[in-house]
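Close look at the chain arrangement
Chain by chain, the residues run as shown.
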Amino acid sequence: MLKILYTLYYWLIAVPLFVAATILFSLLSIVFSLPGGKGAAYWFGKWWSLFSVYIFLCPVKVVGRENLPERKRPVVIMANHQGALDIFMIYGFIGKPFRWIMKASLKKVPFLGQACTMAGFIYVDEKDPTSIKDTLRDAQAVLSSGTSIAIFPEGHRTATGEVMRFKKGGFVMAHELSIPILPITLEGPYRALPKGKWQVRPTRLTMTIHPLYTISKEEPYPRNLVRAVQEVKDIIESPLQHE
């Protein structure tokens, strides 16, 4: 009976509210970004994310908030990619303005794509090698300006719940600009909405913020990069081993 009631709530109330909120906050983000106020887009994205997890009945617990650096210190935020709710967790609860590195296909989503473009988010098209080079250049420009970026080093959502192989792009940026990595573990989104499913299941979500990780410059390149990829992956995976 409860499943039936939740299904009715989800499709008749939660989903329409989510669509309306997406359109509203996207439009607000576009309008307030027009004068060059890209910083305003972060707050609309944050409120949209908080509202979304609330209506989908997925409370978020944040562990390790004391590991967040000061707001003006740029970092490369790296998190495992369990599902669609990952974005809401980071955007809504990290408490630090940043810009996403996201798939170019999202640019075509009505309203949301325009809002992301106006907010200065960075797109990557893995099918186009020249696009990846442009992405690295744009991300380095954002980091050099003192703004953080967020990236899912796996590149795609997991289909099994397991953490997949990390790609090196974000690590190269962090190494070249001597900017620390902020590892984040997301637990619960895979159970709430596995890849290929359409109905969110009410789930308690946990976001663990780990201490900053700095890539060693004492070890020769690229050996230090290979070590960093594995060590950051191990850090992010560690809380998941206790699920």
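**Regarding the side chain of lysine 96**
Mapped onto the secondary structure, lysine 96 falls in the loop between helix H3 (86-93) and strand E3 (98-103). Glutamate 70 is the oppositely charged side chain nearest to the buried, salt-bridge-free lysine 96, at an N-O distance of 7.0 Å. Only 3.0 Å separates the side chain of lysine 96 from the backbone oxygen of arginine 71, close enough to count as a polar contact.

**Topic: unusual backbone geometry**
Geometrically, the link from tyrosine 221 to proline 222 is a cis peptide bond, its omega value of 10° lying close to zero. Mapped onto the secondary structure, proline 222 falls in the loop between strand E7 (205-209) and helix H8 (223-237). Phi at leucine 57 is positive, roughly 60°, even though this residue is not glycine. A relative accessible area of 40% places leucine 57 in the partly exposed class. The backbone of phenylalanine 111 shows a phi angle near 70°, a positive value even though the residue is not glycine. Residue position: phenylalanine 111 is located in the loop between E3 and helix H4 (112-118). On the accessibility criterion, phenylalanine 111 (35% relative accessible area) is partly exposed.

**Describing the nonpolar core**
Ranked by size, the top nonpolar core spans 44 residues in total, and within it Ile90, Ile94, Phe98, Trp100 and Val200 carry the most contacts. When residues of this core are traced back to their parent elements, those giving at least two are helix H1 (2-33), helix H2 (38-55), strand E2 (76-79), H3, E3, strand E6 (181-187) and E7. Beyond its immediate sequence surroundings of up to four residues, valine 200 is in contact with Tyr6, Tyr10, Phe56, Cys58, Leu85, Ala192 and Leu193. Among the nonpolar cores identified, the runner-up in size contains 26 residues, and Met78, Val142, Ile149 and Ala228 belong to it.

**Re the sheet that holds E3**
Each strand in a sheet pairs with another by means of backbone hydrogen bonds, the pair being arranged parallel or else antiparallel. Taken in spatial order, the seven strands make up an open sheet running E1-E7-E6-E2-E5-E3-E4, and their pairing is mixed. A strand with exactly one partner marks an edge of an open sheet, and here the two such strands are strand E1 (60-63) and strand E4 (122-124). Taken pair by pair, the neighbouring strands of this sheet meet at an average axis angle of 25°, ignoring direction. Alignment of E2 against strand E5 (residues 148-151), held across three bridges, turns out to be parallel. Its bridge partner lying in E5, isoleucine 77 is registered against alanine 150. Packing against the sheet, helix H6 (residues 169-176) makes contact with E2, E3, E5 and E6, and its axis sits at approximately 155° to E2. Set on the sheet, H8 makes contact with E2 and E6; between it and E6 the angle comes to about 35°.

**Topic: the packing of helix H5 (residues 129-144) against H6**
Two measures define how a pair of helices packs: the angle their axes make with one another and the distance between the axes. Relative to each other, H5 and H6 sit at 45°, their axes nearing to 10 Å. Judged by the inter-axis angle, H5 sits oblique to H6. Considering only the axes of H5 and H6, their crossing is right-handed. For the pair H5 and H6, contact is made by Leu136, Ala139, Gln140 and Leu143 and by Gly169, Met173 and Glu176, respectively.

Reading the values: the criteria
Residues numbered from 1 in each chain as written. Predicted model: local features only at pLDDT ≥ 70, side-chain atom pairs only at ≥ 80, totals over all residues. Heavy atoms only, no water. Helix = DSSP H or I, 4+ residues; strand = E, 2+ residues; numbered from the N terminus. Buried < 20%, exposed > 50% of the residue type's maximum accessible area, 1.4 Å probe, protein only. Lys, Arg positive; Asp, Glu negative; His and termini not counted. Salt bridge = Lys/Arg side-chain N within 4 Å of Asp/Glu carboxyl O. Polar contact = N/O pair within 3.5 Å; in protein donor to acceptor, adjacent residues only side chain to side chain. Core = buried A, V, L, I, M, F, W, Y, C linked by side-chain atoms within 4.5 Å. Contact = heavy atoms within 4.5 Å. Pairing = 2+ DSSP bridges. Axes fitted to C-alpha atoms, helices over the stretch in contact; angles between N-to-C directions. Parallel < 35°, antiparallel > 145°, perpendicular 65-115°, else oblique. Left-handed = near helix turned anticlockwise from the far one by under 90°.

Treat this as a map of the structure, not an account of what it does.
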